[in-house]
Amino acid sequence: MTSASGNATGLEVLLSTLKSSHDVKSTLSILQILDELLSAGTVKRISYMISKGGSEALLHTLVNMTRIFPPNYYVLLLLMHLIVKVGQRDRKFGQKAQEIGAIDETLKLLQLSLPQPKYVTPCLWVLRIYASNAATGAALGKSGIMSLLFKLISPYTTRNTKAIRAATEALSALLKSKWNSRRALDNGYIQWLLQLYQDWHQRDTQNKYISIHKALLNCIRNITNTAMGKKAFLQADGMRVLLDTSRACGSTTDLQPIVKLATQIMRKCHPKQSLPLLTVSSYYSFVLPNTVDSQILDCPSTIPQEHVAVKENDGEEDEDNTVNEESGYNEDEDDLETDLSRLKPSPQLDRPVEELKQYERLCPELIGYFQRLVDEQNSGQESVPFPTFFATLGPQRHKTFREWREDVIEEVSPVPHNPLGSRGTRQVAFGWSDSEEESGSKLLIKSGCAPVQSSSQHLVRPSCGCTLNPSKHQIKKANRNRPRSGEDSPKLSTHFQEVWNIRGESVAGDKSIGFLSQSWTIGRDYRPQDTERKLSEMRREMIPFHDPYVYTIMAEKTQSVTDYQTLAFPDYWGHAALLCQEPMTGQWCGHQRDKIFEDIQRLVNPGDLLNKVVFDIESPSLVTSADDVSLKFNSNFESGNLRKAIQIRKYEYDLILNADVNTDLQHQWFYFKLSGMKAGIPYRLNIINCEKTNSQFNYGMQPVMYSVHEALCGRAHWVRVGSDIYYYKNHYCRQSAATRGQKETSYYTLTFTITFLHSKDVCYLAYHYPYTYSTLMTHLHLLQESLNSDQIYFRHQILCSTLGGNKCPVITVTANPGSHPEELHQFWNRQYVVLTARVHPGESNASWVMKGTLEFLMSDDAIARSLRDSYIFKIIPMLNPDGVINGCHRCSLSGEDLNRQWSEPNPDLHPTVYHTKGLLSYLRSIGKTPLVYCDYHGHSRKKNVFMYGCSLKETLWQARSSIDTTTLKEDIGYRTIPKVLDKISPAFAINHCCFLVQKSREATARVVVWREIGVLRSYTMESTYCGCDQGKYKGLQLGTRELEEMGAKFCAGLLKLKKDEWSCGNQLITEDDGLLDFDNELQNDRHVSHSDVFVDDEPPCPEEVDYYTDNSTEEDDDPIDLATELNVSSDDELEPRK
């Protein structure tokens, strides 16, 4: 003990004495003391011992004790017990053993102890600890230990099972070394391991030795970490062996770890494949212009109804991890902005004031009124007559469909520069028209779509795709309000006969009775005109603010790169929200692996597959025989997205989505039609090129489906459908262009099963409830027709033209002012609220939220009236019309995410963002900085509805910045709206809101409007695609009714910002008594921790496995209890190996 220094601790003295001791009794005494210390302690005590040199002391003692002959096994067993306990916690233990020379001594001891398993087993566990270090493992392999281990574990026997397990574990650790793996492959060990695993699986019927099964699988997993190992595994038919044994395990709970490990090995060894496409780039491309006339369009000076032909659509964004606007915060807190010069809002104009004057025309509510007000007041007049901007007082006769349509056709709007050169024209070839061109068309066809036929100017699609000019003169005679003449009747009956023929039956047949729901049943004495009328009346009552004929006109004027030829029936006919909510689905343990096993079965038995291409947008001439029983697919309509469909088995199909135009990325949104199904048959559909690493499809979300049969029965609903829904990584990959082939990017599979209710139905499937550009334009027109112009000022103007030649609408909503000066002054003092949506076209839920906002603001609700009296709303409901029209998920025709362009938008490439930012800058330049800006988005990986905002202090707190925040002043009013929404909206979750500013988000709308425009309350509002896990809607998926409700609730939340408006009556307060009681809570939130911001909304999928890495994700090794492993009977001796 004299070797220890005077300042040494008792543990250091013990270890120093142990290290230098050669006396067996002294060594045994110290080992017993250490064993008691470590047995009574925790992992921290072991770590402390390692830090004081405990590993080195034990290894030196092992060297000293093995040199004593004969070996004292009583001391050695206790010593090896401590080595195993400490070595599991010391990552450098193998390296230390090699340096001290303990490895050679351990191998000698192993050879000496072979006849006695009681002593062999601890030696094997010590070797396993050594081999945990790759370099040490390679050195052990060169000593020839692997051949000895193979002799110990084979052939199959139930004797010496503890030694066999220890030997298998040691071999598994050794095979982590690539050198050892290559040696094992050269000796054909992979075949032996597979055969041995099969033997244990077949003979261990009582599952008593699961640890040996698992150890053998670990050997196979480690040996297949190299390309050579995977190849040998496949040549040895390893896929079939593991697939058969895994399926035989069934759902036995004790065997699930074995099944999971075997699944990992199979997925890892499955040959990587490219998608069955010529190129992963989008089939459609768009030639970007050098310059585009994206200047704001002059709006006609006539009344607002005339803008209907150029109204555009609504949209929003997504949340996801890969490229989403607010997909979830980076776990690396270095992404948080801590530079005060960038973190503090610093409003500044990004263009000359003279250029901003062009946006005056987008604020007609200011220009005409207040110039006149100033002039009149300067001339001494006491009153101002009601301005001409608010003409059309009193009852207003709505235009008939014929009058309105003629106005639309006669209007000629400016058209931007056409980068495609000459474009063909197309017309919608159905509707209620007397023209001869209509005679060959059908209102609805068997497929459930309304066709769009080319006119005499045939369509020519350049290599870049085809964008079409609207037809302005072909269909002037339509009038939905006039009675149908006898001359029209034959055409109409033909149209509806083909609708009925979706069932394969004629309207005239007896089976047509009862086809409609009870209230709409057609009797035997029906007439075709009655059928048309009943269907139209039924649809009109069920679906407000939608009209198929108006939709037809809007769709006709929509310009598409994809050259779609039909109108999807759900968009044409409309969707009525379900009266009841749909619950989230559950997942059954083991079912995901069953799907994966079916995928692996394709490789094992390729002869069982059909591999028949049934749809391909690259092969439009693909024709199927009349007796073909395969499903029929199509996506050639607005917002449609499906690139290819391959029939794998009789009732299983692989589907491939098209990338966003001008990109090879963004595969998430899908919307397609399918027909030719049989009722009662479960069809499995696999979308095999998804990109996001996780999805709400793993946590209760379902896709949506629309049945034409059901719609014509009076149930025109998008409904959640599908069972056995799983989302997992697959074996398809592509080489990323960004990494020049150095990195493979994996795809994910979304699989679900659908059982159709009706044979020969026509159904539409979509990622989420579709909301097209034409739907938006139809909605805006019908809203405008329904408004009370005495009370509501509604102005529909054109913000700009998009790259694709479509018009981006901007809506102004407020209350009409009175004619007295004080009323006009009140009008002048109204603050602006700016709302945008659908910058990401795949986030259709944002459009439904915006629909709810628009309808609420136009309603006669008391809160809506108060909001119109208090604010002027500027609404851009669809920032990315081109993306929505062409079925993109995230990008515009420029191939860029528009929500990453707000810092420096290009007027030619990003016109909608450029001019929206210009409008905001103009409002600021005239002293009308918006009170609120909110961008509506959708989130694919979280539940509920929540908001992201911007806070200087909260960002610094979360980043643990050294900046003294007590000296910084910040208005905490940015929390007001989220607090209100949390109280009044059942879908809103305040605990998911976050107000941090990230460097990676500095070019998004939320951050730029906050920083450059100076809007304190600048938000992104994210709506889930799935449902809620809290509140009234807990466990339920959100439908369009709930999304629209969220849009209305957002408006109601704005009223709190105008406290003096709460005096408008108790009616406004009774909705939620808590609205007035949260001001103190805002103060208490100043130091709220956001430590949970980086946590994913969902836990890992219970069956989550890593399928795609060369080195499978390993679980932490179970701690080894050598005392248990040494508990063997005296007759359990090693059998001699030959």
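Each value, and the rule that gives it
- Residues numbered from 1 in each chain as written.
- Predicted model: local features only at pLDDT ≥ 70, side-chain atom pairs only at ≥ 80, totals over all residues.
- Heavy atoms only, no water.
- Phe/Tyr/Trp six-rings, centres within 6.5 Å; stacked < 30°, edge-to-face > 60°.
- Buried < 20%, exposed > 50% of the residue type's maximum accessible area, 1.4 Å probe, protein only.
- Helix = DSSP H or I, 4+ residues; strand = E, 2+ residues; numbered from the N terminus.
- Lys NZ or Arg CZ within 6 Å of the ring centre and 35° of its normal.
- pLDDT = per-residue confidence, 0-100.
- Contact = heavy atoms within 4.5 Å.
- Pairing = 2+ DSSP bridges.
- Axes fitted to C-alpha atoms, helices over the stretch in contact; angles between N-to-C directions.
- 1 Å grid on protein atoms, 1.4 Å probe; cavity = no way out; pocket = protein on both sides within 12 Å on 5 of 7 lines; lining within 4 Å.
- Points joined across faces, edges and corners; volume = space filled by probe spheres on them.
- Nonpolar A, V, L, I, M, F, W, Y, C, P; charged D, E, K, R; others polar.
- Left-handed = near helix turned anticlockwise from the far one by under 90°.
- Salt bridge = Lys/Arg side-chain N within 4 Å of Asp/Glu carboxyl O.
- Core = buried A, V, L, I, M, F, W, Y, C linked by side-chain atoms within 4.5 Å.
- Expected span 1.5 Å × (residues − 1).

Peer 1: In this structure, what is going on with the packing of aromatic side chains? I would like to understand it.
Peer 2: Working definition: an aromatic ring pair is given by the centre-to-centre distance plus the angle between the planes. As enumerated under the stated definition, the model contains 31 aromatic pairs in all. Aromatic side chains W669 and Y671 sit 6.3 Å apart centroid to centroid with 75 degrees between the ring planes, which places their arrangement in the edge-to-face category. Among the residues examined, W669 registers a relative accessible area of 2% and is labelled buried. For Y671, a relative accessible area of 0% corresponds to the buried category. The interplanar angle of 80 degrees and the centroid separation of 5.5 Å between the aromatic rings of F697 and Y767 together place this pair among those described as edge-to-face. Highlighted residues: F697 in the loop between β9 (682-690) and β10 (704-707) and Y767 in the loop between β14 (762-766) and α28 (773-786), separated in sequence by 70 residues. Using a relative accessible area of 1% as the deciding quantity, one classes F697 as buried. In this structure Y767 comes out as buried when scored by relative accessible area, which is 4%. Pairwise contacts between aromatic rings join F569, W573, F637, W669, Y671, Y706, W718 and Y764 into one cluster. The ring of W179 has K142 sitting right over it, with the charged end atom 5.5 Å from the ring centre. K928 extends its terminal NZ or CZ atom over the ring of W828, reaching a point 4.3 Å from the ring centre.

Peer 1: Mind showing me how you'd approach the confidence of the model for the protein chain here?
Peer 2: Predicted confidence across the protein chain gives a mean pLDDT of 78, with 72% of residues reaching 70 or more. Put simply, helix α22 (residues 489-500) is where the protein chain has its lowest mean pLDDT, 33, and strand β7 (residues 652-656) is where it has its highest, 98. A low-confidence stretch, residues 1-5 stays under pLDDT 50, and its non-local contacts, those more than four residues away or across chains, total 4 contacts. When the criterion is pLDDT under 50, residues 291-332 qualifies, and its contacts beyond four places in sequence or with other chains add up to 216 contacts.

Peer 1: What's the story with the sheet that holds strand β11 (residues 718-720) in this structure? I'm lost.
Peer 2: Whenever strands of a sheet pair, they do so through backbone hydrogen bonds, lying parallel or antiparallel. Taken together, 5 strands build an open sheet; the order of strands is β5-β8-β14-β10-β11 and the sheet is antiparallel. At either end of the open sheet lies a strand with only one pairing partner, and these are β5 (632-634) and β11. Neighbour to neighbour, the strand axes of the sheet diverge by 30 degrees on average, direction disregarded.

Peer 1: Help me out: how do you make sense of empty space enclosed by the protein in this one?
Peer 2: To locate leftover empty space, one rolls a probe as large as a water molecule over the atoms. The tally for this structure, following the rule as stated, stands at 11 cavities of 30 Å³ or more. Approximately 90 Å³ is the volume found for the largest cavity. Lining the largest cavity we find 15 residues, and of these L578, C580, Y769, G1039 and E1042 sit closest to its centre. By residue class, the composition of the lining of the largest cavity is 6 nonpolar, 5 polar and 4 charged.

Peer 1: Honestly, the packing of helix α10 (residues 145-153) against helix α11 (residues 161-174) in this entry has me stumped. Any pointers?
Peer 2: Interaxial distance between α10 and α11 falls to 9 Å at its minimum, and their mutual angle equals 145 degrees. The two elements α10 and α11 meet at a crossing, and its hand is left-handed. On α11, the residues that touch I145, M146, L149, F150, L152 and I153 of α10 are I164, A167, T168, A170, L171 and L174. Here the contact of α10 with α11 is built from residues that sort into 11 nonpolar, 1 polar and no charged.

Peer 1: Would you explain unusual backbone geometry in this entry?
Peer 2: As a rule of thumb, non-glycine residues mostly have phi less than zero, and peptide bonds are mostly trans rather than cis. In this structure, the amide linkage connecting F69 to the following residue, P70, adopts the cis form with an omega of -5 degrees. Examined against the element boundaries, P70 turns out to sit in the loop between α4 (54-66) and α5 (73-87). A cis geometry characterises the amide bond from S154 onward to P155, with omega recorded as 0 degrees. Positionally, P155 belongs in the loop between α10 and α11. Positive phi, normally seen in glycine, also occurs at Q666, with a value near 70 degrees. Its place among the elements puts Q666 in the loop between β7 and β8 (671-675). Looking at Q666, the relative accessible area reads 9%, which means it is buried.

Peer 1: Just to check I follow, could you spell out the pattern of salt bridges for this structure?
Peer 2: When charged atoms on two side chains of opposite charge get close, those side chains can pair. The full count for this structure, using the stated rule, is 27 salt bridges. Here R351 makes a salt bridge to D350, at a shortest N to O gap of 3.0 Å. A residue is classified by how much of its surface remains accessible, and D350, at 35% relative accessible area, is partly exposed. Note that R734 is salt-bridged to D664, the shortest N-O span being 4.0 Å. Highlighted residues: R734 in strand β12 (residues 723-735) and D664 in the loop between β7 and β8, separated in sequence by 70 residues. A relative accessible area of 22% means that D664 is categorised as partly exposed.

Peer 1: How should I be thinking about the nonpolar core in this particular structure?
Peer 2: Nonpolar side chains in soluble globular proteins generally cluster together in the buried interior. Judged by nonpolar contacts, the single largest core of 137 residues is most densely connected at F633 and F1050. Other than its neighbours up to four places away in sequence, F1050 contacts L835, V932, C934, Y936, M947, I977, L981 and M1021. Counting residues in hydrophobic clusters, the runner-up holds 102 residues, among them L107, F233, M239 and I596.

Peer 1: Can you walk me through the sheet that holds strand β16 (residues 807-815) in this structure?
Peer 2: One open sheet holds the 7 strands; their spatial order is β15-β16-β18-β17-β19-β21-β20, and the pairing between them is mixed. The outermost strands of the open sheet, each flanked by one partner alone, are β15 (792-801) and β20 (945-948). If you compare each strand with its neighbour and ignore which way they point, the axes differ by 20 degrees on average. Bridging between β16 and strand β18 (residues 871-876) involves 3 bridges; their strand directions are antiparallel. Bridged to I811 within β18 is I875.

Peer 1: Looking at this structure, I do not really get helix α36 (residues 1005-1013). What am I missing?
Peer 2: Owing to its 3.6 residues per turn, the α-helix aligns residues three or four sequence positions apart on the same side. Of all 9 residues making up α36, 9 are buried, and the element is well covered by its neighbours. Phi turns positive one or two residues past the end of α36, at G1014, with a value near 85 degrees.

Peer 1: What am I meant to see in the environment of Y1025 here?
Peer 2: Of note, Y1025 is situated in the loop between β21 (1017-1024) and β22 (1036-1037). For the pair Y1025 and M701, spaced 324 residues apart in the sequence, the C-alpha separation amounts to 7.5 Å.

Peer 1: Looking at this structure, I do not really get helix α33 (residues 911-925). What am I missing?
Peer 2: Helix length check: α33, at 15 residues, gives a terminal C-alpha distance of 20 Å against a target of 21 Å (1.5 Å per residue), a fit within 8%. For α33, the buried fraction is high: 13 of the 15 residues fall into the buried class. Where α33 terminates, the next one or two residues include G927, which has phi positive at roughly 80 degrees.

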